[in-house]
Amino acid sequence: MMKRIGLLTSGGDCQALNATMRGVVKGLANLTDELEVYGFDDGYKGLIYGKYRMLTSKDFSGILTQGGTILGTSRQPFKLMRVPDEKGLDKVEAMKQTYYKLCLDCLVILGGNGTQKTANLLREEGLNIIHLPKTIDNDIWGTDMTFGFQTAVNVATDAIDGIHTTASSHGRVFIVEVMGHKVGSLTLHAGIAGGADIILIPEIPYDIKKVTAAIQKRAKAGKRFTILAVAEGAISKEDAKLSKKKLKELQAEKAKKYPSVSYEIAEKIEKQGIEVRITVPGHTQRGGSPCAYDRVLSTRIGAGAAEAIMDEEYGIMVGIVNGKIKRVPLAECAGKLKTVSPKDQTVKAAKAIGISFGD
Ligand code: F6P
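Quick caveat, the model's predicted, so the values are computed rather than measured.

### What about the overall build of the chain?
- Each helix and strand counted, the chain has 13 helices and 11 strands in total.
- In terms of overall dimensions, the chain is globule-like: its C-alpha atoms have a radius of gyration of 22 Å, near the 21 Å expected for 359 residues.
- Per-residue burial for the chain yields a buried fraction of 52% across its 359 residues.
- When contacts within the chain are restricted to residue pairs at least 6 apart in sequence, those whose partners lie at least 24 apart make up 74%.
- As displayed, the chain offers around 16200 Å² of accessible surface, 51% of which is attributable to carbon and sulfur atoms.
- Of note, the chain has its 50 positive side-chain charges centred 5 Å away from the centre of its 40 negative side-chain charges.

Listed below in structure tokens is the structure:
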């Protein structure tokens, strides 16, 4: 049976995008004799402006270990999808036209939360859509794991490991700032894996007095250094109490003074006469080759998407729940954020071994 599919990667990249696309295409190639694959350049941009190329099996060979995306990606905010572009083009209509012009059976979209919302919009517009959950943040509702997350945990853990030796030589306090946008999953896992002493995540607002008390307690116990794993979205108890609007205004003010949240936290700690250094691994967390776990997950999700295409089951995200590949309706998961529960067993385990969350 002839299958004609479109592929696009949208939003921030991660290490396992190519591995996942490889899984989809190799999986389909084994299930159908006739296959046409169109790859869109730079995410939804390629679909809007009709920038695509036909891909062959050769394009998917040798890319399992290659980070980034062979298609390129870009951020096309969901909230602007219904807003015409600078030339007055209706983006949604343009995407539909490209889809119909190519007579696609299905569009496979790899991306995070924002990407998923647009995928759902296209589903509502009548297109056959399969979304695959990509992000180093692991914040997509409806799947236990996103591809890219475990590799990023490894990179952030390496960053914390690298700080350990210098921290102990100098007897200083170090902050390692971890990505994750508004969610603390990446910081929680890298913090535990890297042996951080204090972990600050958005879901558990911190009290700076508790943070400095934890540092001082360690110093009194003869520990020469303290390492904090701080999520880029970490928030203080006072700020967490503000309305959304007030918080946005305050954060805009703070952005003028501090390059990121760690600098604000460091300033508060330094007021207690404690020397602090900051390390921000930044986009290295999205770089490099996917780890073995992600290669396996990507292959399973890719193969799962190929099966769904053969079953003609669309309007879904292919995720993983309790170790099993699951087809989750986009109508159910789009627009929902998966956050870390403060009651999560992993948080409890971290607290049980004495890691402070500053709460
Ligand atoms: O969603 C992935 C992510 O890396 C977040 O962790 C981070 O907040 C954001 O993307 C950074 O985005 P950009 O690459 O646009 O700076």
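That was the structure; now back to the text.
### Concerning the site of the ligand
- In the region of the ligand, the neighbouring residues are R75, T135, I136, D137, M179, G180, H181, E232, H283 and R286.
- Within the contact set of the ligand, an oxygen atom lies 2.5 Å away from a side-chain nitrogen or oxygen of E232.
- Here R286 contributes a side-chain N or O atom positioned 2.9 Å from an oxygen atom of the ligand.
- Protein coverage of the free-state accessible area of the ligand, which is 400 Å², stands at 73%.
- Its residues assigned to classes, the shell around the ligand comprises two nonpolar, four polar and four charged.

### Things to note about the packing of aromatic side chains
- If you walk through the whole model with that rule in mind, you get three aromatic pairs.
- Measuring from ring centre to ring centre gives 6.0 Å for Y38 and Y52, while their planes differ by 85 degrees; the resulting arrangement is edge-to-face. You can see Y38 sitting in strand 2 (residues 35–40) and its partner Y52 sitting in strand 3 (residues 52–55), a full 14 residues away along the chain.
- For Y52, a relative accessible area of 27% translates into the label partly exposed.
- Taken together, the ring pairs connect Y38, F40 and Y52 into an aromatic cluster.
- Its end group placed over the ring of F225, R218 keeps NZ or CZ at 5.5 Å from the ring centre.
- Directly above the ring of W141 sits K336, whose terminal nitrogen or CZ lies 4.0 Å from the centroid.

### A look at the domain arrangement of the chain
- Parsing the chain into structural domains produces domain 1 (3–148 + 290–333) and domain 2 (152–286).
- Between the C-alpha centres of domain 1 and domain 2 the distance comes to 34 Å.
- Between domain 1 and domain 2, the contact holds 11 residues from the first and 11 residues from the second.
- Both sides together, the interface formed by domain 1 and domain 2 hides about 820 Å², and carbon and sulfur atoms give 47% of it.
- Taken as a group, Q15, I136 and D137 account for 55% of the area that domain 1 buries against domain 2, more than any other trio of residues on that side.
- In this assembly, domain 1 and domain 2 are joined by one salt bridge.
- Counting every contact that joins domain 1 to domain 2 gives three residue pairs in polar contact (both at pLDDT 80 or more).
- Across the side of domain 1 that touches domain 2, the residue classes tally to three nonpolar, four polar and four charged.

### Looking at the sheet that holds strand 1 (residues 3–9)
- Spatially, 3-2-1-4-5-10-11 is the arrangement adopted by the seven strands of the open sheet, whose pairing is mixed. A single partner strand is all that each edge strand has here, and the edge strands are strand 3 and strand 11 (324–329). Each adjacent strand pair in this sheet contributes to an overall mean axis angle of 30 degrees, direction not counted.
- Running over the sheet, helix 4 (residues 113–124) touches strand 4 (106–111), strand 5 (129–133) and strand 10 (316–321) and is turned about 165 degrees from strand 4.

### Re the nonpolar core
- Of all hydrophobic cores here, the largest spans 60 residues; its most connected members are L7, I130 and L132.
- Element by element, the count of residues in this core is highest for helix 5 (residues 149–170), at eight residues.
- Counting the residues that make up this core, at least three belong to each of domain 1 (3–148 + 290–333) and domain 2 (152–286).
- Sequence-distant contacts of I130, that is, excluding residues within four places in its chain, are made with C106, L107, V108, I109, A305, A308, I309, E313, Y314, I316 and V318.
- In terms of nonpolar packing, the next biggest core, distinct from the first, is built from 25 residues, M81, L104, L107 and L121 among them.

### Quick notes on the packing of helix 5 against helix 6 (residues 185–193)
- Direction vectors running N to C along helix 5 and helix 6 enclose 50 degrees, while the axes themselves pass 8 Å from each other. Here helix 5 is positioned oblique relative to helix 6, judged by the angle of their axes. In the packing of helix 5 onto helix 6, the handedness of the crossing is right-handed. Where helix 5 abuts helix 6, its residues F149, A152, V153, A156, T157 and I160 lie against S185, L186, H189, A190, G191 and A193.
- The class makeup of the residues in the contact of helix 5 with helix 6 is eight nonpolar, four polar and no charged.

### A closer look at a positive patch on the surface
- Taken together, the side chains of K79, K117, K182, K244 and K248 present a region of like positive charge at the surface.
- By the element assignment, K248 lies in helix 9 (residues 244–257).

### Topic: the pairing of strand 1
- Counting buried positions along strand 1 yields six of seven residues, so the element is predominantly enclosed.
- Across five bridges, the pairing between strand 1 and strand 2 is parallel. Across the sheet, residue I5 finds its bridge partner in strand 2, namely V37.
- Considered for its hand, the β-α-β crossover made up of strand 1, helix 1 (residues 17–31) and strand 2 is right-handed.
- As paired strands, strand 1 and strand 4 are joined by five bridges and run parallel to one another.

Conventions used here
- Residues numbered from 1 in each chain as written.
- Predicted model: local features only at pLDDT ≥ 70, side-chain atom pairs only at ≥ 80, totals over all residues.
- Heavy atoms only, no water.
- Helix = DSSP H or I, 4+ residues; strand = E, 2+ residues; numbered from the N terminus.
- Rg over C-alpha atoms; globule rule 2.2 N^0.38 Å.
- Buried < 20%, exposed > 50% of the residue type's maximum accessible area, 1.4 Å probe, protein only.
- Contact = heavy atoms within 4.5 Å.
- Areas by Shrake-Rupley, 256 points an atom, 1.4 Å probe, with all protein chains shown as cover.
- Lys, Arg positive; Asp, Glu negative; His and termini not counted.
- Charge placed at Lys NZ, Arg CZ, Asp CG, Glu CD.
- Near = heavy atom within 4 Å.
- Polar contact = N/O pair within 3.5 Å; in protein donor to acceptor, adjacent residues only side chain to side chain.
- Nonpolar A, V, L, I, M, F, W, Y, C, P; charged D, E, K, R; others polar.
- Phe/Tyr/Trp six-rings, centres within 6.5 Å; stacked < 30°, edge-to-face > 60°.
- Lys NZ or Arg CZ within 6 Å of the ring centre and 35° of its normal.
- Domains from an automatic or database assignment.
- Buried area = accessible area lost by both parts, 1.4 Å probe.
- Salt bridge = Lys/Arg side-chain N within 4 Å of Asp/Glu carboxyl O.
- Pairing = 2+ DSSP bridges.
- Axes fitted to C-alpha atoms, helices over the stretch in contact; angles between N-to-C directions.
- Core = buried A, V, L, I, M, F, W, Y, C linked by side-chain atoms within 4.5 Å.
- Parallel < 35°, antiparallel > 145°, perpendicular 65-115°, else oblique.
- Left-handed = near helix turned anticlockwise from the far one by under 90°.
- Patch = residues over 30% accessible without salt bridge, like charges linked within 9 Å, V, L, I, M, F, W, Y side chains within 5 Å.
- Right-handed = clockwise from strand over helix to strand, strands pointing away.

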